[in-house]
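# Structural overview for review
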Amino acid sequence: MDITGNTILITGAATGIGLEAAKLFDQHGNRLIMVARNEDRLEREAARLKDAHPFACDISDADQVGRLVNYVRSEHGEINMIFLNAAVTNNYQLFGDEDMFEHASEEMATNYLSAVRLTQLFEPLLRDKPNAAIIITTSGVALVRDVQNPTY
């Protein structure tokens, strides 16, 4: 995989792994479309990079994702990679007072269903591009049970 000269959409790009990936890809001369929910933090982090374009979006919201796809089509049609990294986790007790169904629903919508939706919507834009790639991250919490994340 060539990691230079690409146009890469990164979700969860304002913090953690997504931000670190953005910094590394930026150092290798890539154009970045940085996506995250927290617009202030996203714009602040994107401003520190050479060729980063922030787009605030809750990837679990179909309307916001539609606006994101339209933005990428019109402004960044050369896109050839997506790095799906955004995630949410809720720490709570399984039989506590919190709504475990709501927590699990939020985690599924953000961590799993959004990756399915984004892959389906962006694949046609990537299909014929040289060096096209789809990168999807996950969490070790999905593999190793943790009492603080009972439905993750």
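To start, this report covers the structure provided alongside it.

### Points about the nonpolar core
Counting 19 residues, the largest nonpolar core has Leu-9, Leu-68, Val-72, Ile-79 and Phe-122 as the members making the most contacts within it. Among the elements of the structure, strand E2 (31-36), helix H3 (62-75), strand E4 (81-84) and helix H4 (100-126) are those that each provide at least two residues to this core. With residues up to four places along the chain from it excluded, the contact list for Leu-68 reads Leu-9, Val-35, Phe-55, Cys-57, Leu-118 and Phe-122. Core analysis: the second largest hydrophobic core is formed by 18 residues, Ala-22, Leu-32, Met-34 and Met-81 among them.

### A look at a nonpolar patch on the surface
A surface patch of nonpolar side chains, about 390 Å² in accessible area, is lined by Met-108, Tyr-112, Leu-113 and Val-116. For Val-116, the location among the structural elements is in helix H4. For Val-116, a relative accessible area of 39% gives the class partly exposed.

### Some words on the packing of aromatic side chains
Counted by the stated rule, this structure contains two aromatic pairs. Centroid distance Phe-25 to Phe-83: 6.3 Å. Interplanar angle 75°. Geometry classified as edge-to-face. Separated by 58 residues along the polypeptide, Phe-25 in helix H1 (residues 16-27) and Phe-83 in strand E4 bring together distant segments of the chain. An identical accessibility class is assigned to Phe-25 and Phe-83; each is buried. Geometrically, the ring pair formed by Phe-55 and Tyr-71 is stacked, given 4.9 Å between the ring centres and 25° between the ring planes. Here the residue Phe-55 occupies a position in strand E3 (residues 52-56), and Tyr-71 occupies one in helix H3, the gap between them amounting to 16 residues. The exposure classification of Phe-55 matches that of Tyr-71, with both residues buried.

Reading guide: rules and limits
- Residues numbered from 1 in each chain as written.
- Predicted model: local features only at pLDDT ≥ 70, side-chain atom pairs only at ≥ 80, totals over all residues.
- Heavy atoms only, no water.
- Core = buried A, V, L, I, M, F, W, Y, C linked by side-chain atoms within 4.5 Å.
- Buried < 20%, exposed > 50% of the residue type's maximum accessible area, 1.4 Å probe, protein only.
- Helix = DSSP H or I, 4+ residues; strand = E, 2+ residues; numbered from the N terminus.
- Contact = heavy atoms within 4.5 Å.
- Patch = residues over 30% accessible without salt bridge, like charges linked within 9 Å, V, L, I, M, F, W, Y side chains within 5 Å.
- Areas by Shrake-Rupley, 256 points an atom, 1.4 Å probe, with all protein chains shown as cover.
- Salt bridge = Lys/Arg side-chain N within 4 Å of Asp/Glu carboxyl O.
- Phe/Tyr/Trp six-rings, centres within 6.5 Å; stacked < 30°, edge-to-face > 60°.

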